Amino acid sequence: MLDRLQRLSLITWKWDYEVRKGRESGSAVYWVTEPGRRMRKLDTKRAEELALRLCQQESIVWLAVPHPGGETQRAETLRKIEQLQRGIQPAEASTAAPVHPIEPVPFDPASYPELQRRLHDEPSSDRSAQTFSAACRCVELGLHDGQVKWFLAQYPPLLDKYGRRAGGADRELDRVIAKAREDTSG
């Protein structure tokens, strides 16, 4: 959508993958300039919010792919956009269950000695892989999503990557848990 907004001269933009100093992994950043304004650096959420605002302003039908993303969510989003373009409200036609954030549920890690040991894992150069591996193991041990999220929110490699920014990691945790559940069930 950013390309289309640029063709309409509503913005100019470019994206990059930014790795913070001392880190092995990073995230997408968007450099966006609106007419008469200075260039701004936006994270994905802010870039999507800007795109949605400009689309609404120009009467362009567009929706961002919701969390946790992936092909299923993308296909559902494209279906909703098509419905909106035909004048059908997606809520009237949708049969998909809404996606809600996972609520963390505390548990006693002493009940799972392996997980209790993993709470002492040192962050490696691939903290994302470590976190995903821990999520998969939690699922294999039979923890439900809320327990997995609570455990991962205390997991040293994830804390090293996100710091204590719970909000910054919240969507990522839900995505990782969904992917871990998908990978361990198949």
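Residues numbered from 1 in each chain as written. Predicted model: local features only at pLDDT ≥ 70, side-chain atom pairs only at ≥ 80, totals over all residues. Heavy atoms only, no water.

Focus on the state of the cysteines
Convention followed: Throughout, a disulfide means two cysteine sulfur atoms within 2.5 Å of one another. Each residue is assigned to one of three classes by its accessible area relative to the maximum for its type, calculated with a 1.4 Å probe on protein chains only: buried under 20%, partly exposed between the two thresholds, exposed over 50%.
Tallied over the full model, the rule gives 0 disulfides. Unpaired in terms of disulfides, C136 finds its nearest cysteine sulfur in C138, a separation of 9.3 Å. Here C136 falls in the buried class, since its relative accessible area comes to 11%. In this structure C138 comes out as buried when scored by relative accessible area, which is 0%.

Remarks on the confidence of the model for the protein chain
Here is the rule we go by: The quantity called pLDDT is the predictor's confidence in a given residue, expressed from 0 to 100. Secondary structure counts use DSSP, requiring at least four H or I residues in a row for a helix and at least two E residues in a row for a strand, with both numbered from the N terminus. Contacts: residue pairs with any heavy atoms within 4.5 Å of one another.
Scored by pLDDT, the protein chain comes out at a mean of 84, with 89% of its residues at no less than 70. Confidence, expressed as mean pLDDT per element, reaches its minimum in the protein chain at helix α4 (residues 90–93) with 51 and its maximum at helix α5 (residues 113–118) with 96. Confidence drops under a pLDDT of 50 for residues 92–98, and excluding neighbours within four residues, the segment shows 8 contacts in the predicted structure.

Topic: the packing of helix α6 (residues 127–140) against helix α7 (residues 145–152)
This is how the line gets drawn: Here the axes come from fitting lines to C-alpha atoms, over the contacting stretch only for helices, and the angles between their N-to-C directions go from 0 to 180 degrees. Left-handed describes a crossing whose near helix is turned anticlockwise from the far helix by less than a right angle; the clockwise case is right-handed. Gly counts as polar in this scheme, as do all residues outside two lists: the nonpolar Ala, Val, Leu, Ile, Met, Phe, Trp, Tyr, Cys and Pro, and the charged Asp, Glu, Lys and Arg.
α7 packs onto α6 with a crossing angle of 145° between their chain directions and a minimal axis gap of 10 Å. The two elements α6 and α7 cross, and the hand of that crossing is right-handed. Across the interface between the two elements, T131, A134, A135, C138 and V139 from α6 touch V148, F151 and L152 from α7. Its residues assigned to classes, the contact of α6 with α7 comprises 7 nonpolar, 1 polar and no charged.

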